[in-house]
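# Understanding the architecture of this molecule
This is what each chain is made of:
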Amino acid sequence: MTVFEPILFMMLAPLAGGAFLWRFGREWSPERIAGIGLGIAGLVLLTGASLSVGALRDGAAFLTGSSVPWITTLNVRFGVTVDGLSLVMIWLTVLLIPAALLTASETGDRTHRFVALILFLEAGLIGVFVSPSFFQWFLFWELCLIPAYFLVRFSGSASANRAARQFLLYTLAGSVGLLLSFMALFAAVGTFDFIELAQTEDLMSRVAEGLGWETVSTGTLGLILFALAFLGVAVKVPLYPFHTWLPDTYAEAPASVSMLLTGLMSKMGFYALLRIVLPIFTDQIVQLAVWLLGLAVVSVVASALAALAQTDLRRVFAYSSINHLGHCFLGVFAVMTAGKAGLTASVNEAVTAFDGIGLQMFNHGVIAGLLFFLTGRLENRTGGERDLRSFGGLRCFVPRFATTMTIALFASLGLPGLSAFMGEFLIFKGSFFFVGWAPALAVLGLLLTAVIALEIVRRVFAGPPNQRWQDLPDLSRKEYCVVVPALLLLFLGGIWPQWLLEFINGASLDLISLLSVAP
Amino acid sequence: MAVEWLWLIPALPLLAAGVLTLLPTTAGRAASFVATGSMFLSFVFSGLAWLTTLDQGEFSRTTFDFVWFKTGTAALKIGWVLDPLTAVMLLTVSLVGSLIFLFSVGYLAREERRVTFFAHLSFFAAAMLGLVIANNLLLLFVCWELVGLASWLLIGFWFRKPEAAAAARKAFVVTHIGDMGFFVGMIWLASVAGTLQFFDAGAGCLEETVVHSLGAATILGGLALSTVITLLVLWGAMGKSGQVPLHVWLPDAMEGPTPVSALIHAAAMVAAGVYLLARLFPLLDAVPDSGSLVAVTWVGSLTAFFAALVALGQTDLKRILAWSTISQLGYMMLGLGTGGPAVAMFHLVTHAFFKALLFLGAGSVIQACGHEQDIRRLGGLRRRMPFTFGVYAIGMLALAGFPFLSGFWSKEAIFHSAQVWEVSRIPFVLAVAGALLTAVYMTRQMVYVFFGEHRNSSFQKSFSERAVVTAVPLAALACGAITLGFLGTQAFPLFQEYLEGETAVLAWGDLIGWGSLGLIALSTLLSVGGMALAWGIYRPSQFDPARQQDPLNRWFPRIFRWLENQFFLDEWYRQTVVRGTCLAGRGAEVLDRLIWGPVVRLCAALVQTVAWCSRLADEQLVNRGFDRVCRAVRQGAAWCSERQNGRVQTYIKYVGASLALVVWVLILIDRS
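Note that this is a predicted model, so its numbers are computed, not measured.

In this section: the pattern of salt bridges. Applying the stated criterion across every chain, the model contains 27 salt bridges over all chains. With its nearest N and O atoms 3.0 Å apart, the salt bridge here joins B:E589 to B:R593. Placement of both B:E589 and B:R593 in helix α26 (residues 569-643) is noted, with a separation of four residues, approximately one turn of the helix. According to the relative accessible area criterion, B:E589 is buried, its value standing at 11%. When salt bridges with common partners are traced through the structure, they connect A:E106, A:R377, A:R381 and A:E479 into a single cluster.

Right, dumping it as structure tokens:
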């Protein structure tokens, strides 16, 4: 069996299951619906695990792709391509979705809708992470957006509606840019395949020819198309200053949805940068690398500063998510300042940075996911209270909860021994080789995240106990199901990062060789 | 013990920490046994490791490395190193650590969260021991940060107290400011040297080839690359070792339980900075007159003097000791900058013993006096706690550099190297002045606490200062504080030669030589003179703390206010750094709210405006005309249909009217 069938199953099972629940689930009890949803997500998880076993057994040979003809008039095939990076992203997906479904029954008589939407989202995400060509990829990319929109406004309040609308329209605007850009490429070259596009010689002059835009220089045309495509990524991840939708959205969405948004949808955006925009628009990124690097540094520092000024826990974590993904941007653009020749000359350093980015994507998914999960559980206990100032001394009442959240916070500040440090270290180490000032400035962001994390611990868990919360229950058995695996992943990633690097490193090597030989 | 088993030394306390976190909270007794036992075992293993370094006669350095992970086609190795520096540090940390653990058994006997305490304490020791054995800067950094975490946990152990929580956060953040410099230095080193291994068969970053190439390369301003990198690392060491201007966390760190203070101050945290610089000394010393060594010297000497000055104005028992730690760390830095790692390490070791002794003694005092720490409300304890008084006096004398105690010799070695420093004489002068002040402030504290009348009402007679777990550590540390100095006298510098890998030769001549003898006389004069001076000012017949203000306060109220408030540095930082950061945070948020958010909304509004215009055009221009015609037709039709109401009378009326009209028209036509 190749990788094709299991992946197809991982996309179709949640789709079908979601559709089934949407149609027939109205009358069933929330627990039952959540159970069915978890069952489906569990099946997908098992399939993902079996993929990994195959990957470990057969190595890279297993993780190739295959495709079948789909829309022949457009030269579009339906394909599946999996490499180390996709596999890691798939793991993240199949791990986070069940965690989000675990508490789904709390949505009451609309549980069937909630579960179905999350399953749709899962199908879309897996599709995004395995698509080898733009047409198929874009379909899944947009497929994610629709359930995400309805999930964000699930509470139905006016502010949630407004946030969801902003989220939808903003990211849709970004997608339109991407679509336009790829339409232009397709019109000229006649293919949607990412690798083919990346390897096409004189892509931009062919585009100019194909579109009949001889008056525009190829350089300008390249920059325009890059800007359009990059907009989609910059909004989705997001990169400063395209981030303003994010704090509102993360604050208004149900907690388990925020967990998916930061854990998975932001990775989807960054995945698009690595897989699509970077190989195709290599020249343009090299050309603009210093400016983009500046934006990445601003992203890291400004978002950390803004996080410092928040008092709403969710908004704090929202801003610190921007900060953490800013490190990924930092790594990419720092490496790209070297240009193609520089990449060829120092492959190892570039791969180091990209390995770090891969680690950071996975680890941030777990850590931010855990933080939003815990915040959600806290809100669930306190009736929606999540203002930093209204807590205090919670460690007396919920010691295990406090310990877990403290560990997660220390992971997010990049404490060595926990997973996030490894990604950050590799990114900084790789980047510093190419350009010194950017990592040196971005270190400020690391410092500020430490201040933020400690401030949260101090305000929420330490200090005189606030008697208002003395009856809060500690972690429940259900919550342990999420917390224990997450903590294990945090420690595993910090102590033995090789388990992820085993997969990511190959993908990074491939990517760098694609970038450095690309025409 | 061979180097490949060296990991056992940190692993034992780490294992204890792991086991302890799983124990129920009621198992306090078992927890203290497990933690203390594992620490003692670590000490035994450290002793074995030390013996291994002696075995080979000549200078021995063995390493053990393994691959941690691979990126690209390269592998990142980490490992342990066993050389005299490691062995000395291991012995100090594990021995002083064990004694402090033992003391904690008694000190925290009534604490309900004892299990947690010992778990954190073991973790602290494990992190520090890991830091010591690391043969890789990355591994060292990992442990360095874990030490920071452990100190955060322990300083904030009584987390219900807002001051403790704030002090813990301050300690972590301030040291983290230093760590970020260290981090940048580390990645810089990694990217130029290509390795972070210390010793790697000639290819390590502390070995000849790399050190030489880093010393030869210069960057902007003509600084050697090695200098820039080590300056960044120094910034980290200054954070951890409480050097000015990153010292502000250390006095506040007193909020933790007293054994924690002892551990932080003696062996497990602040010593890490000095150890780091001693370890990286080849890099610091890569070029002649290296800028980083000059910086180390200046920072150290200024800190030594400044902290001693501030200690004069403090009234909190532990706070005075904290400032004295800062000052003594300054001496170590000074020794490192002028005399090399052996001098610094010698003072580090002796200081570890007498400072642990002082803190544990202070712990006994605090415990006996109902947790009173203000020296103005203590007093006369000499009679009530004679044993504690005795050992505390030994510690105090060692710290003040009283002749022939350990602190005397190690400080003398520092003077010796500072005196011949070519760059400037000022550090030496500062060090001498600092030594005088040390004797003064320690005597002041002694007089306040142990002499005069008893001023404390909550003294607990039930407290037994001679309980085994309390007395044994104190006695052992006191022995160390007396004797350790003889390992490194000028005449027989066993310690220095061991660290540098030479055979010590007994040479009385060195001791009697002019320089040495002069310095010995100077040291003696300083310590004895300082003590006499302080006795003159503070002696009970002269001054009564219960009724009078501190004499210094009376004579120089302005200056004393500065000392008391630690030169207002905390306030100054609060006004500048903290406030600036908060403002910047507010600014970033306002930027989002007033610029970036509105820009996006403006774009959305523009799109919406266009949509509205199009709708308006549709409705007003296109639709309206069409609508009007339609309305006219409809109205006409309605008018017509109104006429056809099916009543014969109406029809006849219309017919009649029409007939009349027709007739009238015909008449008009006919007339024309």
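Now for the interface of chain A and chain B. Each partner contributes to the interface: chain A provides 56 residues, whereas chain B provides 48 residues. Around 4,400 Å² of area is buried between chain A and chain B when both sides are counted, 74% of it from carbon and sulfur atoms. Here chain A is connected to chain B by one salt bridge. Between B:R169 and A:E455 there is a salt bridge; the shortest N-O distance is 2.3 Å. Along the contact surface separating chain A from chain B lie eleven residue pairs in polar contact (both at pLDDT 80 or more). Mapped by element, the contributors of at least two residues to the side of chain A that touches chain B are α12 (282-308), α15 (347-382), α16 (394-397), α17 (399-412), α18 (419-434), α19 (437-461), α20 (477-495) and α21 (498-517) of chain A. Its residues placed into classes, the side of chain A that touches chain B shows 40 nonpolar, eleven polar and five charged.

The next point concerns the domain arrangement of chain A. All names here are of chain A. Once the domains are mapped, chain A shows domain 1 (1-132) and domain 2 (133-517). In this structure, domain 1 and domain 2 have C-alpha centres spaced 21 Å apart. Tallying the contact residues gives 46 residues for domain 1 and 51 residues for domain 2. Linking domain 1 with domain 2 are two salt bridges. One salt bridge connects R377 with E106, and the closest N-O pair in it is separated by 2.9 Å.

Right, let's talk about the pairing of strand β2 (residues 74-82) of chain B for a bit. Within a regular beta strand, the side chains point alternately toward one face of the sheet and then the other, so they alternate between its two faces. Residues and elements named next belong to chain B. Where strand β1 (residues 62-71) lies against β2, nine bridges are found, and the strand directions are antiparallel. Paired with K70 across the strands is A75, a residue of β2. From the end of β1 to the start of β2, which pair antiparallel, there are two residues, and G72 there has a positive phi angle of about 60 degrees.

Residues and elements named next belong to chain A. With 21 residues, helix α1 (residues 4-24) should reach 30 Å at 1.5 Å per residue; the first-to-last C-alpha distance of 30 Å fits that figure. Buried within α1 are the following residues: F4, P6, I7, M10, M11, A13, P14, G17, G18 and L21. Of the surrounding secondary structure, the elements contacted by the buried residues of α1 are α2 (30-58), β1 (66-71), β2 (76-80), α3 (84-101), α4 (111-130) and α5 (134-152).

It is worth spelling out the environment of B:S292 at this point. All names here are of chain B. As for its placement among the helices and strands, S292 is situated in helix α13 (residues 291-311). By relative accessible area, S292 is classed as buried at 0%. Taking C-alpha positions, S292 is 38 Å from A17, a pair spaced 275 residues apart along the chain. A polar contact is formed between the side chain of S292 and the side chain of T230, at a distance of 2.9 Å.

Turning our attention to unusual backbone geometry. Each neighbour pair has its own omega, and for A:Y240 with A:P241 the value is 0 degrees, a cis peptide bond. Turning to its location among the elements, A:P241 is positioned in the loop between α9 (218-236) and α10 (245-252). B:V244 connects to B:P245 through a cis peptide bond whose omega is 5 degrees. By secondary structure assignment, the location of B:P245 is in the loop between α8 (225-240) and α9 (249-252). Positioned with a positive phi, B:Q566 is a non-glycine residue whose angle comes to about 55 degrees. Along the chain, B:Q566 turns up in the loop between α25 (557-564) and α26. A relative accessible area of 9% means that B:Q566 is categorised as buried. If you check the backbone angles, B:F567 has positive phi at about 60 degrees while not being a glycine. As for its placement among the helices and strands, B:F567 is situated in the loop between α25 and α26.

Moving on, we come to the packing of aromatic side chains. Applying the stated criterion across every chain, the model contains 69 aromatic pairs over all chains. Measuring from ring centre to ring centre gives 5.2 Å for B:F346 and B:F495, while their planes differ by 35 degrees; the resulting arrangement is tilted. Placement of B:F346 in helix α15 (residues 341-368) and of B:F495 in helix α21 (residues 494-500) is noted, with a sequence separation of 149 residues between them. The exposure class assigned to B:F346 is buried, which follows from its relative accessible area of 1%. Residue classification places B:F495 among the buried residues on the basis of a relative accessible area of 8%. Between the aromatic rings of B:W562 and B:F568, the centroid separation amounts to 5.2 Å while the plane-to-plane angle is 90 degrees, which identifies the pairing as edge-to-face. Relative accessible area serves as the criterion here: at 42%, B:W562 is assigned to the partly exposed category. Feature note: the residues A:F4, A:W70, A:F78, A:F134, A:F135, A:W137, A:F138, A:W141, A:F182, A:F186, A:F192 and A:F194 constitute an aromatic cluster, connected by ring pairs. Here the guanidinium or amino end of A:R113 rests over the ring plane of A:W22, the centre of that ring lying 4.7 Å away. It is A:K236 that lies over the ring of A:W141; its NZ or CZ is 4.5 Å from the centre.

For the rest of this paragraph, the subject is helix α3 (residues 84-107) of chain B. For α3(B), with 24 residues, the first-to-last C-alpha span of 34 Å sits near the 34 Å given by 1.5 Å per residue. Most of α3(B) is tucked away: 21 of the 24 residues are buried.

Residues and elements named next belong to chain A. Most of β2 sits out of view: four of its five residues are buried. Note that β1 and β2 share five bridges and pair antiparallel. In the sheet register, V68 faces β2, and the bridge partner there is F78. Hairpin connection of β1 to β2: four residues between the antiparallel strands, including N75 at a positive phi of 60 degrees.

Another aspect to go through is the packing of helix α4 (residues 114-133) of chain B against helix α10 (residues 258-268) of chain B. Residue and element names in this part refer to chain B. One can describe the packing of α4 onto α10 by two numbers: an axis separation of 12 Å at closest approach and a directional angle of 5 degrees. Judged by the angle between their axes, α4 and α10 are roughly parallel. Contact residues: F117, L121, F124 and M128 in α4; P259, V260, L263, I264, A267 and A268 in α10. A per-class count over the contact of α4 with α10 returns ten nonpolar, no polar and no charged.

A few words on the confidence of the model for chain B. Considering every residue of chain B, the mean pLDDT works out to 89; 97% of them sit at 70 or more. Among the prediction metrics, the complex's ipTM stands at 0.94, with pTM recorded as 0.92.

All names here are of chain B. Mapping S151 onto the fold places it in helix α5 (residues 137-155). Relative accessible area serves as the criterion here: at 1%, S151 is assigned to the buried category. With 27 residues separating them along the chain, S151 and F124 place their C-alpha atoms 7.0 Å apart.

Time to look at the packing of α5(B) against α8(B). Residue and element names in this part refer to chain B. At a minimum axis separation of 12 Å, α5 and α8 run at an interaxial angle of 25 degrees. In terms of orientation, α5 lies roughly parallel with respect to α8. Considering the relative orientation of α5 and α8, their crossing is left-handed. Where α5 abuts α8, its residues W144, V147 and G148 lie against G236, A237 and K240. Taken together, the residues of the contact of α5 with α8 sort by class into three nonpolar, two polar and one charged.

Basis of the calculations
- Residues numbered from 1 in each chain as written.
- Chains lettered and ligands numbered in written order.
- Predicted model: local features only at pLDDT ≥ 70, side-chain atom pairs only at ≥ 80, totals over all residues.
- Heavy atoms only, no water.
- Salt bridge = Lys/Arg side-chain N within 4 Å of Asp/Glu carboxyl O.
- Helix = DSSP H or I, 4+ residues; strand = E, 2+ residues; numbered from the N terminus.
- Buried < 20%, exposed > 50% of the residue type's maximum accessible area, 1.4 Å probe, protein only.
- Contact = heavy atoms within 4.5 Å.
- Buried area = accessible area lost by both parts, 1.4 Å probe.
- Polar contact = N/O pair within 3.5 Å; in protein donor to acceptor, adjacent residues only side chain to side chain.
- Nonpolar A, V, L, I, M, F, W, Y, C, P; charged D, E, K, R; others polar.
- Domains from an automatic or database assignment.
- Pairing = 2+ DSSP bridges.
- Expected span 1.5 Å × (residues − 1).
- Phe/Tyr/Trp six-rings, centres within 6.5 Å; stacked < 30°, edge-to-face > 60°.
- Lys NZ or Arg CZ within 6 Å of the ring centre and 35° of its normal.
- Axes fitted to C-alpha atoms, helices over the stretch in contact; angles between N-to-C directions.
- Parallel < 35°, antiparallel > 145°, perpendicular 65-115°, else oblique.
- pLDDT = per-residue confidence, 0-100.
- Left-handed = near helix turned anticlockwise from the far one by under 90°.

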